[in-house]
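Chain by chain, the residues:
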There are 2 protein chains.
Amino acid sequence: MEKDSEKMAETTTTSNTEEQTNQQERDPESNSLHQPLLKRNRTLSSSPLALVGTKVSYIESLDYEINENDLFKHDWRTRSQAQVLQYVFIKWLLAFLVGLLTGLIATLINLAVENIAGYKLLAVVKYIEKERYMMGFFFMTGVNFILTLVATLLCVFFAPTAAGPGIPEIKAYLNGVDTPNMYGATTMFVKIIGSIGAVAAGLDLGKEGPLVHIGACIASLLGQGGPDNYRIRWKWIRYFNNDRDRRDIITCGASSGVCAAFRAPVGGVLFALEEVATWWRSALLWRTFFSTAVVVVVLRAFMEYCKSGECGLFGEGGLIMFDVSGVSVNYHVVDLIPVTVIGIIGGVLGSLYNYALHKVLRLYNLINEKGKLAKILLSLSVSLFTSACLYGLPFLASCTPCDPSSVNSECPTTGRMGNFKKFNCPKGHYNDLATLLLTTNDDAVRNIFSTNTPSEYRVFSLVIFFILYCILGLFTFGIAIPSGLFLPIILIGSAYGRLLGMAMGPYTTIDQGLFAVLGAASLMAGSMRMTVSLCVIFLELTNNLLLLPITMLVLLISKSVGDCFNPSIYEIILDLKGLPFLEAHPEPWMRNITVGELADIKPPLVTLSGIEKVGRIVEVLRNTTHNAFAIIDTSMVPTVGQMSEVHGLVLRAHLLLVLKKKWFLQERRRTEEWEVREKFTWVDVAERWGTIEEVAVTKEEMEMYVDLHPLTNTTPYTVVETMSVAKALVQFRQVGLRHMLVLPKYHGPSVPPVVGILTRQDLRAHNILSAFPHLEKSHASKKGC
Amino acid sequence: MEKDSEKMAETTTTSNTEEQTNQQERDPESNSLHQPLLKRNRTLSSSPLALVGTKVSYIESLDYEINENDLFKHDWRTRSQAQVLQYVFIKWLLAFLVGLLTGLIATLINLAVENIAGYKLLAVVKYIEKERYMMGFFFMTGVNFILTLVATLLCVFFAPTAAGPGIPEIKAYLNGVDTPNMYGATTMFVKIIGSIGAVAAGLDLGKEGPLVHIGACIASLLGQGGPDNYRIRWKWIRYFNNDRDRRDIITCGASSGVCAAFRAPVGGVLFALEEVATWWRSALLWRTFFSTAVVVVVLRAFMEYCKSGECGLFGEGGLIMFDVSGVSVNYHVVDLIPVTVIGIIGGVLGSLYNYALHKVLRLYNLINEKGKLAKILLSLSVSLFTSACLYGLPFLASCTPCDPSSVNSECPTTGRMGNFKKFNCPKGHYNDLATLLLTTNDDAVRNIFSTNTPSEYRVFSLVIFFILYCILGLFTFGIAIPSGLFLPIILIGSAYGRLLGMAMGPYTTIDQGLFAVLGAASLMAGSMRMTVSLCVIFLELTNNLLLLPITMLVLLISKSVGDCFNPSIYEIILDLKGLPFLEAHPEPWMRNITVGELADIKPPLVTLSGIEKVGRIVEVLRNTTHNAFAIIDTSMVPTVGQMSEVHGLVLRAHLLLVLKKKWFLQERRRTEEWEVREKFTWVDVAERWGTIEEVAVTKEEMEMYVDLHPLTNTTPYTVVETMSVAKALVQFRQVGLRHMLVLPKYHGPSVPPVVGILTRQDLRAHNILSAFPHLEKSHASKKGC
């Protein structure tokens, strides 16, 4: 199934995200049943395409509403106490398994990266010791080239959706947008191996974003009982075959991923809460917390085990990744000045980074469109450039003599890790730029965060480091490889933070290492615009609680400054990818337009009768792409007149189910409850069935009838047509809808009982503005920070 | 105004919370306009009374919906860029001020408590040194008696709502229930002074809960521009005169309070998020975080200042309250056993505590009903009992010789603070029970958390301590004094935690002090059922990040075990007080009943026409207590028939406004937009006007007309009558409604356009069950953990 849709999308690819809005072919709102009598010059256009990974795919909305039809209600009534307990138990079991597997895979990735990169660096160091510099260069470049090649090939040929961090797509999923092939087994394996290759190749990217995606994949696979083609179809797992429960599990997976990436259990929960999730409730908070607790226990257990040296080059270091607790924090009112300065720089640079990355991603989109070869060549050239810089630039730095007074750290270090790399320097000297560049990214962060080493780095080296990582950070992200944004931003931020610390040296008592931490935090906040979760992640990364108040201030200032210029990096990527994300706040101009006006410019509503002819159902399914249809019953009441009744909404999937199972009636009659229960189980109804093309209906069957009542969701959420779009949007998002019925404000004879059905695409600001451009004026008036 | 309603409530007091449901006088749903033709045997009963503090008051629902009438829309359209910026700026300014003032008041309370309690204890120590034991006893008991008397008198005579922690009422407020006199200036001052008195009197209660309430009071007062009678009526503050903005500010206040109480900025935000708030969004997370950052900066600044010794006995200790970072945490798989044991004990004891406290509070309710004298006597006897125990019990403990090997702490200490109290012991010895009892509660926690002191306490002393605080913890909470629940629970929990640590001593490497911390955490989770926020609060209290994974496990186990027995303590108190809190999850049986059935058993709907006679409005307002009325326009359309239209909802407050301002028309006509804008400003509309009794309308005026269209909220949220109560409740809560229109499912001639209006009380499980008792069966089926 994954293969099929890939092919389909491949043929329709070669379109830029911007061109997508112009594409009208197979618009889900198109409808040739009723030709409108007079041509409207305004229609609500919407695009069902979006960029997932580096691939253009059809996207669908998710349905978080409980579909209260007769089958569901019966199943609900008859669920026994034991079944309810079983359901609760499995929920927790899944949360446990998500944590366990995420922890295991994170350990595996760490193990592989540390060993591959470690042995590579050890070999390079040996060449340099023997002064065979060219051999060293070719060895390092070659190994990195091969690692990048493997990662790219996997990504391009097997799972294009594995490219990038995956966080925007998860964010969209939890908002109600389904992206195909995003959480499959292939994607997960490519993401794991690709991430190992890319990070070990020394590219300027992190494993943090990919780990979040991997966590989500694990959760999704567990929730559906395995990979698409080999799913376990046990009864208990089928309880989770609905969008609401999958949403919850994927939230657990995402926070487990963050937790595994930063070893930050509380930070993981908060990241999911603040940045990723759209809906949240107390029970979910608790289950997510359980998952991350399991992750931490697994990580700790492996660390204990690896301390004995059985994991190769992996195993150094404790649970805290970048420990700066060794330094006591003393700050006074004067220190508010450098803190403010860092915050402002972080905000400005962060928004600048967002802006530049946006431009680069658009450029890369054009390159990626040229085909698979272009994608591969792009990755490989980035890899070559990175290797050349990492190896070559340290030769520019001059050697520094070791400080004999600092006894607590070895200097110079010749091995893989360590803070004072010897590189090409004589005995008793170290090369400070090699300390930062000729190492893994994690170690580079550790070295630049190092405390109580005020004279370790020269300004020149830090400036080179800063510029190099600004360039790499912009040009590495968009290539067809699993890549995270956290680490590149931390590297850039820590560089200018440490530089500022050196400049402020005489005037402050804050350690340079802490300045580097604050710099990293400020750029994160300036680019990603998170506050509480970043604060906790940094607390858990650095284990220095006394730093908390200044971290908070820096984050607040950076975010405020950044918000003055542009939206957060994730919002920019979401927008660039064309994912129809619903924002929490309606735009102000949405108060000036009603849902009635929106429903009015949509193609006429397609309704079905409660007892409908098979032929009509087939016709409707063939000629429209709507996913739900209103069911209207009309009857003549003597002495009163014609009455019509909104019975509810029936899903396309259920109509297809009826056609497939051929549940047809000879005459026009209401069925009994046992009839429908005989034919359909609750489990059938939860499945999503294929397309109308797969269904064969004979000519005689076309003349038969179907009683749609028992399959109709009798309790759809509704709004009256006078409702403003702003308020309707609040309801749509808060309740988690896919379809919203619009009712007429008038009651009386010959008033249709339903005016229209609104979907996610209809309520998007962009689509409304293209139909009602005059609203743009008021739109422009409210902006700014 | 505060006085008035107090008097009013005083007359109707003397009713137990359980009797309230039987009270039918002035039921807000009563309605004598239309006598039902046939007597229904089932009606939706609801009680507008609840216990606020120790006082029975009328409660009202809050209205978080945006009231989109013509005036609002006009104001919205004409708001300039500058006004929008001003609004945003003031929002942030208020968040800043809330943080600043909460920080200042928290420091003031700490200063006062430490000094009063400190000098008291110093004097007691002197009497003991001179072996004048009886004098010491009388002095201590006397001082405690006076302090308690002051706190109780203030609480009973000036602000009964200041009693207790206030957290349940804040939780209800943020859920949409307004409790009168809860956030006034009097309440705040009584709370501040009462809290100082109660804590300094050595009662077993904390200042944490009261600080949360104080934070909310500050926020509310700032938001409305000052105390009720002396409000600043500047234009800018009037933007905040609506329930939504006040809700946001009060959320900031509550988290500032927690932050000030525990010096835990992130914990404060999370506490508000997990436990207190019902609605939450990213922007609010950020503003709340800003408030708590300000609080921390203020607290730190004062601590720096007080280190110089200018604050009397206050000023010792840093930002971390109960620092246990001195001990390195090493744990292995075996340690999971004691951790699990602590978790289970915490869960069982926590739910037992909830159960017992429930019983005690019901008993105390009966006593409190007897009048003011009973309340005062109750407080004073608790004070006497507490003093006697605190002073007398240490004589039972035998003296322990100081450990000469521990050089890092003074032993025995004779002053106010310190870990090894000399009390009645000879030189070189200390009394371990006096160390725990003859000190402030904060210091007691610090002492019992003390690390690297494995042989400090005897089992006997800890057992006495545990039993004493179990008794005090149960019998202190309900008295008419500002009191928090956190500290009593921490004291009980730390006692059994340390005892378990002593028992496990030989088998574990975890320090006894950490066992005490885990015990405290487990009882908190077992009673309050929070996870993430408690975890962060404990992290910030103790500054030991490596403890985090085991803390998480303990919290998860305790909460799970506790949930098997009863709901959280706050839910129990909410229920006991009769506050109509809407739970996040609908009950399962709510799927089996529709909103149509609920609307059916309510008194007939009262509707008004768009252009209505003054007489009819007065009649409706006099005879009903509804807060909103549906506006229905009917018109005859030639050839089609009679059409009716739901124009929207008009609020009682706006009808009163029209009558007060006498905006009457001579003839039945629609008004122009300028006419209404001439008479009413947006600010008038935001105010809540008094009662119908205050309005005088002449007989001629009764015959005139009012055009209600411009004052009608044209976009009320609606549901169709076939909607199940479960789904309607989700919408009601998620969107934050006060009134929900129920529309008919049929469309046709002579179908009324609105079936009914549902409010918070109608959707409460308790009220529905009393009207439909048969639902109870299915209700009972789904319970358990």
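What you see as residue numbers is a count from 1 along each chain, following the sequence as written. To label them, take the chains in the order written and letter them from A, then take the ligands in the order written and number them from 1. With the structure being a predicted model, the display of local features is reserved for residues of pLDDT at least 70 and the display and counting of side-chain atom pairs for 80 or more, all residues being used for whole-chain, interface and lining totals.

Looking up chain A in an unreviewed UniProt entry gives the name Chloride channel protein, with the organism given as Deinandra increscens subsp. villosa. UniProt positions are given in the numbering used here, feature names are shortened, and annotations may be inferred rather than shown by experiment. According to its UniProt record, chain A has this under Subcellular location (unreviewed entry): "Membrane". According to UniProt, the comment filed for chain A under the heading Sequence similarities (unreviewed entry) is "Belongs to the chloride channel (TC 2.A.49) family."

Attention now moves to the overall build of chain A. Elements are defined by DSSP. Helices are runs of H or I of four residues or more, strands are runs of E of two residues or more, and each kind is numbered from the N terminus. If you tally the helices and strands in chain A, you get 31 helices and 15 strands. In chain A, which comprises 785 residues, the share counted as buried stands at 53%. This entry defines residue contacts through backbone-placed C-beta atoms, with two residues in contact when those atoms are within 7 Å. Long-range pairs, those at least 24 residues apart, make up 78% of the contacts in chain A with a sequence separation of at least 6. Buried residues are those with 20 or more other C-beta atoms within 10 Å of their own C-beta, exposed residues have 12 or fewer, and partly exposed residues lie in between; C-beta atoms are placed from the backbone.

All names here are of chain A. By domain assignment, chain A separates into domain 1 (70-306) and domain 2 (333-384 + 440-577). With centres defined by C-alpha atoms, the gap from domain 1 to domain 2 works out at 23 Å. Facing the 41 residues of domain 1 at the interface are 34 residues of domain 2. When residues of the side of domain 1 that touches domain 2 are traced back to their parent elements, those giving at least two are helix 5 (133-157), helix 6 (167-175), helix 7 (185-200), helix 8 (208-224) and helix 11 (265-276). Tallying contributions element by element places helix 5 first for the side of domain 1 that touches domain 2, with 10 residues. These domain boundaries are the output of an automatic or database domain assignment.

To continue, consider the interface of chain B and chain A. If you look at the interface, chain B gives 71 residues, while chain A gives 71 residues. Of all the elements, helix 12 (residues 282-306) of chain B adds the most residues to the side of chain B that touches chain A, at 9 residues. Residue polarity follows a fixed list, in which Ala, Val, Leu, Ile, Met, Phe, Trp, Tyr, Cys and Pro are nonpolar, Asp, Glu, Lys and Arg are charged, and the others, Gly among them, are polar. Class assignment of the residues belonging to the side of chain B that touches chain A gives a composition of 41 nonpolar, 19 polar and 11 charged. Across 2 bridges, strand 14 (residues 746-747) of chain A lies against strand 10 (residues 641-651) of chain B in antiparallel orientation. Its bridge partner being in strand 10 of chain B, Tyr746(A) is matched across the sheet by Glu645(B). Whether two strands pair depends on DSSP finding at least two bridges between them.

Another aspect to go through is the relation of the copies chain B and chain A. Expressed as a screw transformation, the operator carrying chain B onto chain A has a rotation angle of 180° and an axial translation of 0.0 Å, and the superposed copies differ by an RMSD of 0.1 Å. In short, the pair behaves as if placed about a two-fold rotation axis. With an isologous cut-off of 70% or more, the 100% of interface residues of chain B that recur at the interface of chain A puts this contact in the isologous class. Copies are brought into register by a least-squares superposition over C-alpha atoms of residues with pLDDT of at least 70 in both.

As a further point, take the packing of helix 7 of chain A against helix 8 of chain A. All names here are of chain A. Look at helix 7 against helix 8: their axes get within 10 Å of each other, and the N-to-C directions meet at 155°. Here helix 7 lies roughly antiparallel to helix 8, going by the angle between them. Crossing of helix 7 against helix 8: the hand is left-handed. Within the contact between the two elements, helix 7 uses Ala 185, Thr 187, Met 188, Lys 191, Ile 192 and Ser 195 and helix 8 uses Pro 210, His 213, Ile 214, Cys 217, Ile 218 and Leu 221. The axes used here are C-alpha line fits, helices contributing only the stretch in contact, and every angle between their N-to-C directions lies in the interval 0 to 180 degrees. To sort the angles, those under 35 degrees are grouped as roughly parallel, those over 145 as roughly antiparallel, those from 65 to 115 as roughly perpendicular, and the leftovers as oblique. Handedness of a crossing follows from how the near helix is turned relative to the far one, being left-handed for an anticlockwise turn of less than a right angle and right-handed for a clockwise one.

Residue and element names in this part refer to chain B. Relative to the assigned elements, Asn 447 resides in helix 16 (residues 441-448). Judged by C-beta crowding, with 24 C-beta atoms within 10 Å, Asn 447 ranks as buried. Leave out the neighbours within four places in its chain, and Asn 447 touches Asn 419, Thr 435, Leu 436 and Thr 439.

To continue, consider the confidence of the model for chain A. All names here are of chain A. Looking at chain A, pLDDT values average 83 and 90% of them are 70 or higher. You can read pLDDT as the predictor saying how much it trusts each residue, on a scale of 0 to 100. A low-confidence stretch, residues 1-41 stays under pLDDT 50, and its non-local contacts, those more than four residues away or across chains, total 54 contacts. Note on residues 779-785: pLDDT is under 50 here. Beyond four places in sequence and across chains, it has 11 contacts. Model confidence for the complex: the whole-complex pTM is 0.87, and ipTM, which rates the interface, is 0.84.

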